[in-house]
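# Structural characterization, general
Single-letter residue listing:
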Amino acid sequence: MRTRSLDPEMAWEILDAIDEAIHVVDPEGYTIFYNKASAKLDGLEIDQVMGKHVLQTYPSLTRDTSTLLRVCKTRRPIEDYEQTYITQEGRAITTISSTIPLFCRGEFRGALEVARDITRVKQLSETVSELRARLYRPRRDKTRLSDGSAAIYRFEDIIGRSRSIIALKERARKAANNSSPVLIWGETGTGKELFVQAIHNAGLRDGPFIAQNCAALPESLLEGIFFGSTRGSFTGAADKPGLFELADGGTLFLDELNSMPLDLQAKLLRVLDTGQVRRLGDIKLRQVNVRVVAAMNVSPEEALSQGLLRRDLFYRLNVISLYIPPLRERKEDIPVLAKHFAAELSEELGYSIEIDPEVLEAFSRYSWPGNVRELKHVIEAAVRMNEDHRIRLEHLPENILSPLALRPPGGESAYEPEALFRMICRDGVSVAEVVKELERELIEMALRHTGGNVSRASELLSLPRSTLQYKIRTYRLG
C-alpha cells in the first residue's frame, strides 16, 4: 500500500487558512510562521512580522511577559493564558492563547502559539466592573435599585402554603440572623435567588447585595471580576475593585457555583478563610467583610461526584444548607402561585383575571419541569395571547393538555395496561407517545428518589450514565 506524506508547503497553507491566530517562532524568538488570522488580529502585514524578533513586533512585551519567549526558555507549554499587548499601531489587544514547544526528533525547534481575540469581551467586563463600582460604592441602602443585582425581594414575596415551603422560609429567616455562608440548591426555576435576596434583606448587614452568575462570563475574565485588578497587572490595566470589595459589608451571591473553575474555587476558599483579597498584579492584601451565599442547580453530591465542586470549598460553604424542592413535590402551592401571578397581571393590565377550575386541575397534574418560572410564563402567555379575562383550558400549551399529563392525581392505575389501552383507543395517543411519556416519568421518579444524583439514578434504572444524561437533556429534566 502506497503511503503519502503531507507536503510542507501544503501544511503551511492549511495553517494559513485556519481562523485562529497562529504564530511560530524559532528557538531564538524570530518569527518563522505568521498566518492571516494573526495579521488581521494585530492589524499588521505578514511581511512586517516574518523574520523579525517577537520583541520587535510587540514592543510592549518583555522576555518575561511574552508567552512565546517563555516557552522557548522553559520548553514547557502554557495553556489558556490571558495576555494583553500593544501592537506597532498602538492598539491594545487581549487574547487567550495556548503556547507549546516544538520538537523534531528530540531537538527543540521553537514554539507555536494559537490565540483567540477576547479584546471586546475584556472591554465589556471592565465596563461592567466600572458601572458596578459607581452603583454600589456611594450608596449603601439595601433596596436602592430595581435592577437584577439589587435585593428587591423579601420573605413576604415568597408565595406558598406547603409544609416544605413554610419550613424552608422559617429556616431561611434563622439563616438571615447570622453571617455564616449559605449554600442553596434546587432545580432551575425553583426561586433560589428569591430566597437569597430575602435572606439579605432580613439580615443584619446594611451593605450592598451583588449577584454574579459564575457561568455567564469566560473563565479567563472571572478572576479579575471577582478580585479586581491594579495598574500594571497587564498592559492597559487600571485600578479596579472586584466584586468582593464592592460587596464589602453586604452579600455576594454566587449563582451556578458548580460552573466556577476549580482553580478559582481554591482562591475563593482562601478569601472565605482569611477575609482578605489581593487584586490581580498587586502585592497588597485588602480586608473585606462579605457574606457569601452560593447556589447550585444540581445537588452537592452530584457536583462533588462529577468534580464540579471542590470538597474543601463545599465544607466551608455548607455551614447553612437550604434545599428548595421542585414544584411537583409541593402541588398544594400550584393554585396559590397561579392565582398570585394572575393577580399581578390583573394589576398591571387594569382588569380582573380569573382562572377556570379545570385549568387549576390540569396544573396540579402536570410535572412542571421548569418549576415556578415555567408556571409564571404559562400564566403570562395565556393572558397576553388571548383577549379574554379568564384563563381557560384552550389557552394552555399542548404539553400541559396531553392525555398523559392530565391523568388523575396520584393515579397509579393510569399506568395499568388496560387504562393505557383505553387512552390509545379513545384519545388517539400513539404507543410511541405512551412509551416516551412513561420513560420520562420513570426518569423523573428516579431523579427525585436520588435527590438529582444522575449516577445513582442510572443504577436504579439500569441505564448507562451517558444514556441517562442524554435522555435528561432530551426530556428537559435537567
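Structure report, in brief. (Residues numbered from 1 in each chain as written. Predicted model: local features only at pLDDT ≥ 70, side-chain atom pairs only at ≥ 80, totals over all residues. Heavy atoms only, no water.)

## Focus: a negative patch on the surface
Side chains of Glu156, Asp157, Glu344 and Glu347 sit close together on the surface and give a patch of like negative charge. Residue class for Glu156 comes out exposed when judged on its relative accessible area of 58%. (Patch = residues over 30% accessible without salt bridge, like charges linked within 9 Å, V, L, I, M, F, W, Y side chains within 5 Å. Areas by Shrake-Rupley, 256 points an atom, 1.4 Å probe, with all protein chains shown as cover. Salt bridge = Lys/Arg side-chain N within 4 Å of Asp/Glu carboxyl O. Lys, Arg positive; Asp, Glu negative; His and termini not counted. Charge placed at Lys NZ, Arg CZ, Asp CG, Glu CD. Buried < 20%, exposed > 50% of the residue type's maximum accessible area, 1.4 Å probe, protein only.)

## Considerations on unusual backbone geometry
Glycine aside, residues mostly have negative phi, and peptide bonds are mostly found in the trans state. Look at Arg75: it is not a glycine, yet its phi comes out positive at around 60°. Topologically, Arg75 is positioned in the loop between α5 (67–74) and β3 (78–86). Positioned with a positive phi, Trp368 is a non-glycine residue whose angle comes to about 50°. Here Trp368 lies in the loop between α15 (357–365) and α16 (371–384). (Helix = DSSP H or I, 4+ residues; strand = E, 2+ residues; numbered from the N terminus.)

## Some remarks on empty space enclosed by the protein
For the structure on display, the rule yields 2 cavities of 30 Å³ or more. By volume, the largest cavity amounts to about 160 Å³. Considering the residues around the largest cavity, the lining is formed by 18 residues, among which His23, Tyr58, Gln83, Tyr85 and Glu113 are closest to the centre. Listing elements by their share of the lining of the largest cavity, those giving two or more residues are β1 (21–25), α2 (36–42), α5, β3 and β5 (107–117). For the lining of the largest cavity, the per-class residue count stands at 10 nonpolar, 6 polar and 2 charged. (1 Å grid on protein atoms, 1.4 Å probe; cavity = no way out; pocket = protein on both sides within 12 Å on 5 of 7 lines; lining within 4 Å. Points joined across faces, edges and corners; volume = space filled by probe spheres on them. Nonpolar A, V, L, I, M, F, W, Y, C, P; charged D, E, K, R; others polar.)

## Notes on helix α19 (residues 431–449)
Look at α19: 27 Å from first C-alpha to last across 19 residues, which is about the 27 Å you get at 1.5 Å a residue. Burial in α19 covers these residues: Val434, Glu437, Arg440, Glu441, Ile443, Glu444, Ala446 and Leu447. Trailing α19 by a residue or two, Gly451 shows a phi angle of about 65°, which is positive. (Expected span 1.5 Å × (residues − 1).)

## Here we look at the sheet that holds strand β13 (residues 291–296)
With respect to topology, 5 strands assemble into an open sheet ordered β7-β10-β13-β6-β14, the strand pairing being parallel. Edge positions in the sheet fall to β7 (209–213) and β14 (320–323), since each of these pairs with one other strand and no more. Mean inter-strand twist for the sheet, computed between neighbouring axes without regard to direction, equals 15°. Two strands pair when backbone bridges link them, and β7 and strand β10 (residues 251–255) are joined in this way by 5 bridges, in the parallel orientation. Its bridge partner lying in β10, Phe209 is registered against Thr251. Strands in contact with helix α7 (residues 163–176) are β13 and β14; relative to β14, the strand with the most contacts, it is inclined by about 155°. (Pairing = 2+ DSSP bridges. Axes fitted to C-alpha atoms, helices over the stretch in contact; angles between N-to-C directions. Contact = heavy atoms within 4.5 Å.)

## Looking at α7
The terminal C-alpha atoms of α7 lie 20 Å apart, and with 14 residues this matches the ideal 20 Å at 1.5 Å per residue to within 8%. Looking only at α7, the buried set comprises Ile165, Leu168, Lys169, Ala172, Ala175 and Ala176. Taken end-on, α7 shows its buried residues confined to a sector of 115°, consistent with a single buried face. Away from its buried face, by an angle of more than 90 degrees, α7 presents the exposed residues Arg163 and Lys174. For α7, the secondary structure elements touched by its buried residues are α8 (192–202), β13, β14 and α14 (333–349). (Arc of directions from axis to C-beta.)

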